[in-house]
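# Structural description and commentary
Chain by chain, the residues run as shown.
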Amino acid sequence: MEQRISLITLGVSDLARATAFYRHLGWHGQEVEETVFLQAGGLALVLWGRDKLAADAGIDDPGTDGFGGVTLAQNVRSRAEVDEVIATAIEAGATVTKPAGETLYGGYAGYFADPDGHLWEVAWNPGFTLGPDGSLTVPDFNAMD
């Protein structure tokens, strides 16, 4: 298996609400057959009805919300940008789950949940380099020893 992620699909309870939320954050995409595709650098973020996603995966969805052990993250270029992104998310209807603050690694980060409870971390990490297109390069941690 190649070390790559092509799509991240979020199961949503209300496609129109989810689409409006991500558009408010500045994301753009297209809807095809009740599925919204948003280009996110070298991968796509997909919004799809939660019931349809569960059926496609061959599972029963008990409909219980809660922490599923997964978060999405966006690294940004400055502390101020962390605050700006979180403020925009709040305007769009997000719930802050952890206000932005200093991190253990010397950065600055906070968390919010989208209207369906999907968790997002917004972080500035001085050890991660972002390319001009926003792509992240994982540092060589062995070279730091």
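From a predicted model like this one, the values you see are computed outputs, not experimental measurements.

Evaluation of the coordinates by the stated rule reveals five salt bridges. A salt bridge links Asp116 to Arg17; its shortest N-O distance comes to 3.3 Å. Taken together, the residues span a long stretch of sequence, with Asp116 in the loop between strand 7 (108-113) and strand 8 (119-124) and Arg17 in helix 1 (residues 15-24) at a distance of 99 residues. A salt bridge links Arg50 to Asp61; its shortest N-O distance comes to 2.5 Å. Here Asp61 lies in the loop between helix 2 (50-57) and strand 5 (71-75) and Arg50 lies in helix 2, a separation of 11 residues in the sequence. Its relative accessible area of 26% is what places Arg50 among the partly exposed residues.

Turning next to the pairing of strand 3 (residues 35-40). Relative to strand 3, strand 2 (residues 29-32) runs antiparallel, the two being bridged by four bridges. Bridge pairing in strand 3 links Glu31 to Val36. Linking two consecutive strands that pair antiparallel, namely strand 3 and strand 4 (residues 43-49), is a turn of two residues; a positive phi of about 65° is found at Gly41 within it.

A negative phi holds for most residues other than glycine; trans holds for most peptide bonds. A positive phi angle, close to 50°, is found at Glu33, a residue other than glycine. Relative to the helices and strands, Glu33 resides in the loop between strand 2 and strand 3. In this structure, Glu34 takes a positive phi of about 60° despite not being glycine. Within the secondary structure, Glu34 is located in the loop between strand 2 and strand 3.

Rules used throughout
Positions within a chain are numbered from 1, following the residues in the order the chain's sequence is written. With pLDDT at 70 or above as the cut-off, local features in this predicted model cover only qualifying residues; side-chain atom pairs require 80 or more to be listed or tallied, and sums for whole chains, interfaces and linings still use all residues. Side-chain calculation: all heavy atoms of the structure are included, whereas hydrogens and water are not. For salt bridges, the criterion is a side-chain nitrogen of Lys or Arg within 4 Å of an Asp or Glu carboxyl oxygen. Helix and strand definitions follow DSSP, with helices as H or I runs of at least four residues and strands as E runs of at least two, each counted in order from the N terminus. Each residue's exposure class comes from its accessible area (1.4 Å probe, protein chains only) as a fraction of the maximum for that residue type: buried when under 20%, exposed when over 50%, partly exposed otherwise. Two strands pair under a simple rule: DSSP has to find at least two bridges between them.

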